[in-house]
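One-letter residues, chain by chain:
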Amino acid sequence: MKEVNSISVKYIVILIIVLLIGVAIAFLYLRKNYLLHKNEINDLISKEVNGQINILKNKNRGSYNLRIGNYEINSLPIAYEVEKYNIQLGDSVRKEANSRIMIFYKNINGVFEKNCEYKILP
């Protein structure tokens, strides 16, 4: 006769509880990151930003960390613009307060010329 291995109901219940706790923690972590990013984007929209790009770090998945003067922007999804318009350190950025449009300027022969416009999405 073959012996059948069976898992007791107690272990199944414990496994389900552990999985539910893991899902809840993952949900809360992702929600917190989403809210932080949303607040940062709303803060960026409300501020006036002018200056040269001091830091341009690729965070992967299409996002970059930027420092423009003393103002830092985390996880701005501008990978397409960086590649297409060759945005680099030393390029200039202008954004008016309460505007969703960032204008990037490139230094060409000592003169900053408009390179591209980026619309900040919420």
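Up top is the structure these notes are about.
Summary of the structure given here. Predicted, not measured: the structure shown is a model, and the values here were computed from it. (Residues numbered from 1 in each chain as written. Predicted model: local features only at pLDDT ≥ 70, side-chain atom pairs only at ≥ 80, totals over all residues. Heavy atoms only, no water.)

Moving on to the environment of His-37. As for its position among the elements, His-37 is in helix α1 (residues 9-46). For His-37 and Leu-76, which are 39 residues apart along the polypeptide, the C-alpha to C-alpha distance reads 9.2 Å. For His-37, the contacting residues outside a window of four places in its chain are Asn-74 and Ser-75. (Helix = DSSP H or I, 4+ residues; strand = E, 2+ residues; numbered from the N terminus. Contact = heavy atoms within 4.5 Å.)

What follows deals with the side chain of Lys-106. If you trace the backbone, Lys-106 turns up in strand β5 (residues 101-108). Overall, the relative accessible area of 15% leaves Lys-106 in the buried class. With sequence-adjacent residues up to four places away left out, Lys-106 is seen in contact with Tyr-85, Asn-86, Ile-87, Gln-88, Asp-91, Val-111, Phe-112, Glu-113 and Asn-115. (Buried < 20%, exposed > 50% of the residue type's maximum accessible area, 1.4 Å probe, protein only.)

Before going further, it helps to examine unusual backbone geometry. A positive phi angle, near 60°, is found at Asn-98, a position not held by glycine. Counting through the fold element by element, Asn-98 comes out in the loop between β4 (92-95) and β5. Phi at Asn-109 is positive, roughly 55°, even though this residue is not glycine. By secondary structure assignment, the location of Asn-109 is in the loop between β5 and β6 (111-119).

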